[in-house]
Amino acid sequence: MGSNIANILLILGISALIVPLTVKTSTVWKEIPLALLGVGLIFIMGNDGLFDGLSFNALTRTDGIALLSLMAIFMYYIFGMAKTDRARAEELEETAHHIKHRALATSIGMTVLGLVGLTIGDRLLVTGAVDITEAAGLSEALIGLTIVALGTSIPDLPTSVVAALKKQADIAIGNVVGSNIFNVFFVLGTTSVIIPLPLSSALNTDILVSIGATLLLFSFMFFSGKRILARWQGGVMVATYIGYIGYLVVRG
C-alpha cells in the first residue's frame with residue numbers, strides 16, 4: 001500500500017511537475033479504474049471482521065487465488081493491447097526515420113543490466129534504511145509505509161522522469177499505474193497464497209489513502225477535459241504525499 005501511494009502521489013507528482021503528462025484514453029477508462037478496483041478489493045478481502053463478522057482480518061489463500069486470477073485477466077488484456085500498439089508502431093516507423101535502432105541482443109542486454117542495477121540499488125537502500133529505523137525503535141508499519149515503500153518506488157522515479165523528459169507520457173503513466181496493479185494482484189496475490197497475511201485494522205487508514213490517491217489521479221483527468229496531468233496537479237499530489245508522511249510520523 002505504501003508503495004502504491006508513493007507511486008501515484010510522489011512519482012507521478014514529480015513527473016508532472018517536470019513535464020505535464022497527457023494520458024491515453026485507455027489508461028483513464030481501463031488501467032486507472034483497474035488499479036482502483038485492486039486496492040478496493042484489498043480493503044474488502046482484508047476486513048473479514050467488518051464484512052463477514054469473523055474474529056480475524058487477513059488476506060487468505062482463496063483471496064490470493066482470486067487476485068492472481070484477476071492478474072491473469074489483466075495480462076491477457078495487456079498482450080491484446082500490445083498487438084494493436086505494435087501494428088501502430090510499424091506504421092509510424094515508416095515515417096519516423098530519426099528513431100535509433102539497436103540490435104536485439106544489445107537491447108536485451110541493456111534492459112537486463114538496468115534491471116539488475118535497479119534491483120541491487122533498491123535492496124541496498126531498503127536494507128540499510130530498515131536497519132537504521134529498527135535501531136531507532138520505530139514500528140514495522142511505519143518502516144513499511146515509509147522507508148521500504150519509498151525504496152521500492154525509487155526505481156519507478158527515474159523511469160517516469162526520463163519518460164516525461166522525452167515526452168513519452170504513456171511510459172511515465174503506465175509505469176506507475178502498471179506497477180500499482182502488479183503490486184496488488186501479483187505481489188499480494190502470490191504472497192497470500194504462500195502464507196495468509198493478517199491485516200491490522202490500523203492499516204485500513206493507509207488502504208483508504210491509497211484509494212483516495214487513485215481517485216485523485218482519476219479525477220484530475222477531467223479538470224481540463226484533455227486528460228492532462230498538469231504541473232499544479234503534480235504539485236498538489238507531492239504536497240499531499242508530504243502531508244501523509246507527516247501523519248505517519250505522528251501516528252508512529
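Attention here is on the structure that accompanies the text. (Residues numbered from 1 in each chain as written. Predicted model: local features only at pLDDT ≥ 70, side-chain atom pairs only at ≥ 80, totals over all residues. Heavy atoms only, no water.)

Before going further, it helps to examine the packing of helix H5 (residues 104–135) against helix H6 (residues 140–153). Taken N-terminus to C-terminus, the directions of H5 and H6 make an angle of 160°; their axes are 8 Å apart at the nearest point. As summarised for this structure, H5 and H6 are arranged roughly antiparallel, according to the angle between their axes. Considering the relative orientation of H5 and H6, their crossing is right-handed. Across the interface between the two elements, Asp122, Leu125, Val126, Ala129, Val130, Thr133 and Glu134 from H5 touch Ile143, Ile147, Val148, Gly151 and Thr152 from H6. Its residues placed into classes, the contact of H5 with H6 shows seven nonpolar, three polar and two charged. (Axes fitted to C-alpha atoms, helices over the stretch in contact; angles between N-to-C directions. Helix = DSSP H or I, 4+ residues; strand = E, 2+ residues; numbered from the N terminus. Parallel < 35°, antiparallel > 145°, perpendicular 65-115°, else oblique. Left-handed = near helix turned anticlockwise from the far one by under 90°. Contact = heavy atoms within 4.5 Å. Nonpolar A, V, L, I, M, F, W, Y, C, P; charged D, E, K, R; others polar.)

A word on the nonpolar core. Most often, soluble globular proteins have nonpolar side chains that are buried together. Core analysis: the largest hydrophobic core is formed by 48 residues, its most contacted members being Leu12, Leu21, Leu217, Leu229 and Met237. Contributions of two or more residues to this core are made by helix H1 (2–18), helix H2 (25–46), helix H4 (61–93), H6, helix H7 (156–165), helix H8 (169–194), helix H9 (204–220) and helix H10 (231–251). Top contributing element to this core by residue count: H8, with nine residues. If we ignore the near neighbours within four places in the chain, the residues touching Leu12 are Asn7, Leu21, Ala172, Ile173, Val176, Leu217, Leu229 and Met237. (Core = buried A, V, L, I, M, F, W, Y, C linked by side-chain atoms within 4.5 Å. Buried < 20%, exposed > 50% of the residue type's maximum accessible area, 1.4 Å probe, protein only.)

Take H6 next. The axis of H6 is deflected most strongly, by about 30°, at Ile147. If you check which residues of H6 are buried, you get Leu142, Ile143, Leu145, Thr146, Ala149, Gly151 and Ser153. Against H1, H5, H7, H9 and H10 lie the buried residues of H6. (Bend = angle between axes of the 7 residues up to and from the residue.)

With that settled, consider a nonpolar patch on the surface. A grouping of Leu104, Ile108, Val112, Val116, Ile120 and Leu124 is seen on the molecular surface, where their side chains present a nonpolar patch of about 590 Å² in accessible area. When you line up the elements, Ile120 lands in helix H5. (Patch = residues over 30% accessible without salt bridge, like charges linked within 9 Å, V, L, I, M, F, W, Y side chains within 5 Å. Areas by Shrake-Rupley, 256 points an atom, 1.4 Å probe, with all protein chains shown as cover. Salt bridge = Lys/Arg side-chain N within 4 Å of Asp/Glu carboxyl O.)

This next bit is on the packing of H1 against H9. Viewed as axis vectors pointing N to C, H1 and H9 meet at an angle of 40°, and their least axial separation amounts to 8 Å. With respect to each other, H1 and H9 are oriented oblique. The hand of the H1/H9 crossing is left-handed. The segment H1 lies against H9, with Asn4, Ile5, Ile8, Leu9 and Leu12 engaging Asp206, Val209, Ser210, Ala213, Thr214, Leu216 and Leu217.

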